[in-house]
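Topology and contacts: notes
Listed below, chain by chain, are the residues.
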Amino acid sequence: MNKDLNKLNSHNSDEISSIGNDSLGDTDKGPKNSEYEDASVRVTPWDVEGQIDYDRLIKEFGTQSIDSDILEQFKKITGEVHPLLKLHYFFSHRDLDFILHKVEGGEKIYLYTGRGPSGMVHMGHLMPWMFTKYLQDKFGSKLLFQLTDDEKFLYSQDRTREEIKRFTYENILDIISIGFDPSNTKIIVDTVHIKHLYPIALEIAKRITFSTSKAVFGFSGSTNIGMIGFPPIQAAPCFLPSIIEGRPTPVLIPAAIDQDPYWRITRDVAEKMGFYKPAQIHSKFLPSLNATGGKMSSSKPETAVFTTDEPEVIEKKVCSAYTGGQATVALQRLYGGNALGCPVFWYLRYFFDDQKESDERFVKCISGNLLCGECKSDLARESKSFIAALKMRREKAKDRIQKYMYENEPFEF
Ligand code: TYM
């Protein structure tokens, strides 16, 4: 049993500490798109499918594991190690040690994160944002929050500008409801604030060839040219802080690892443009509720709990979730469940259980002393109560949008 618990809590960062040869550019370190997209596993900014081996992703993306030295550095600054770091939900990084040294030395850093408003927000999206708020509170940092409404319009052949605008509005309510400090947080909506991004994006675009971009993002002859031209727009907020502050300013991006291709091309041009390379802290994905692999996705509503779901919808989604359970109660009692392959278990572990509760849940599950119905009932109850509280904050956010907009430029809805 102890061996199983060790497996659950294992963290093999030390084995892979040799990765990350800085003499290579980041695009050279990362995979060519076709190399990691085998038939069953796919991790791109627009699509995540299959059973992801996160250690393999670290190697293939050329990032670094969050090891005990990084956790020590965090502890020195914050006096603690955040549960999502302890659980290795945030598992990978680029230049996080550099950022933490800067914070320790009292230097100003910026945080930068974002959302592509292709639908309503689900609980997976909230994870990097809640962690970003934690960092903002601990470091006292300014935050740029980008909404790539242009990206999501271009990506989907079916979405109209009006639909994307409605999702942008709804998503802004979720972002504000996280509780970011309004005096230190600015929301950038690409189609509203493009004049602040475009001059930087032009400088970036000029330095990236089509063949690099094809290799990193998997663009092909059938990709529309809007998508091909888009990446510098997501890269631009990495350098905006340096322009605001009038000197090179370090930036840390908390996000799931699907966004990494954007940062690879950005890091390649940063120093040539006189800026620091943007640093990243990468998370895993909150898994799809109805499958063994893949992530929660707003384009597949049955895979996720949304911030606007009614309690009965949450109940229904959780009750019909895939689990790691056996086919019958008798078999479950006899053989135990497969907690490691169970989205309900991971969802509870990352979102609601504390580590001790979760470790106990794990042991009870694999030894046949816990039935799936109990875990589902815990998850449904916790999710309903979490979403009810968030909905109240969303309501209040309606009057506060203007306060958060970059340069106070209005988002009219
Ligand atoms: P988007 O809208 O796909 O995702 C928003 C954020 O949520 C993360 N994410 C998840 N995290 C955990 N579990 C999941 N199932 C899950 N699904 C998505 C994403 O990694 C992201 O952090 N192009 C971007 C928008 C963007 C952005 C940024 C994101 C613009 N600038 C800077 C991060 C940082 C997008 O479409 O994200």
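Remember, it's a predicted structure, so these values are computed and weren't measured experimentally.

The next subject is the pairing of strand 8 (residues 251-256). Among the six residues that make up strand 8, six are buried, leaving the element largely enclosed by the rest of the structure. Of the two faces of strand 8, the one carrying V251, I253 and A255 and the one carrying L252, P254 and A256 are both buried. As defined by bridge partners, strand 5 (residues 110-115) adjoins strand 8 across two bridges and the pair is classed as parallel. Each bridged residue has a counterpart across the sheet, and for L111 the counterpart in strand 8 is L252.

M123, I187 and Y347 are the most contacted members of the largest nonpolar core, which totals 77 residues. Each of two domains, domain 1 (2-290 + 398-408) and domain 2 (301-397), supplies a minimum of three residues to this core. Non-local contacts of M123, meaning those with residues more than four positions away in its chain, are made with L286, M296, V305, Y347, F351, F352, S383, F386 and I387. Residues A235, A236, I265 and Y406 belong to the second largest nonpolar core, which totals 32 residues.

Moving on to the pattern of salt bridges. Per the stated rule, a full pass over the model turns up 25 salt bridges. Two residues, R159 and E163, come together in a salt bridge whose shortest N-O distance is 3.4 Å. Of the residues examined, E163 reaches a relative accessible area of 31% and is grouped as partly exposed. Because the salt bridges share partners, they merge into one network encompassing D353, R361, D378, R381 and E382.

With domains assigned, the chain is organised as domain 1 (2-290 + 398-408) and domain 2 (301-397). Look at where the C-alpha atoms of domain 1 and domain 2 centre, and you get two points 27 Å apart. With 31 residues of domain 1 in contact, the opposing surface of domain 2 contributes 34 residues. With both sides pooled, the region where domain 1 packs onto domain 2 buries about 3100 Å², and carbon together with sulfur makes up 67% of that total. Taken together, the connections running from domain 1 to domain 2 amount to three salt bridges. Residues E170 and R394 are paired through a salt bridge, measuring 2.9 Å at the closest nitrogen-oxygen approach. Summed over the shared surface of domain 1 and domain 2, the number is 14 residue pairs in polar contact (both at pLDDT 80 or more). For the side of domain 1 that touches domain 2, the secondary-structure elements that each account for two or more residues are helix 1 (2-9), helix 6 (83-86), helix 8 (123-139) and helix 10 (161-177). Taken together, the residues of the side of domain 1 that touches domain 2 sort by class into 17 nonpolar, five polar and nine charged.

What counts, and where the lines are drawn
What you see as residue numbers is a count from 1 along each chain, following the sequence as written. Owing to the predicted nature of the model, reporting of local features is limited to residues with pLDDT of at least 70; listing and counting of side-chain atom pairs is limited to 80 or more, with chain, interface and lining totals taken over all residues. Only heavy atoms go into the side-chain values, all of them from the structure, while hydrogens and water stay out. Accessibility here uses a 1.4 Å probe with only protein chains present; expressed as a share of the type maximum, an area under 20% marks a residue as buried, one over 50% as exposed, and anything in between as partly exposed. Comment: elements are numbered from the N terminus, with helices defined as DSSP H or I runs of at least four residues and strands as E runs of at least two. Whether two strands pair comes down to DSSP finding at least two bridges between them. What is meant by a nonpolar core is a set of buried Ala, Val, Leu, Ile, Met, Phe, Trp, Tyr and Cys residues, joined one to another through side-chain atoms within 4.5 Å. For every domain, the bounds stem from an assignment made automatically or drawn from a database. Pairs of residues are marked as contacts when any of their non-hydrogen atoms sit within 4.5 Å. Put simply, a salt bridge is a Lys or Arg side-chain nitrogen that is within 4 Å of an Asp or Glu carboxyl oxygen. Note: buried area is the sum, over both parts, of the accessible area (probe 1.4 Å) each one loses when the two are combined. N or O atoms within 3.5 Å of each other form a polar contact, as long as, within protein, one can give a hydrogen and the other can take it, and as long as residues adjacent in sequence are counted only when both atoms are side-chain atoms. For this classification, the nonpolar set comprises Ala, Val, Leu, Ile, Met, Phe, Trp, Tyr, Cys and Pro, the charged set comprises Asp, Glu, Lys and Arg, and every other residue, Gly included, is treated as polar.

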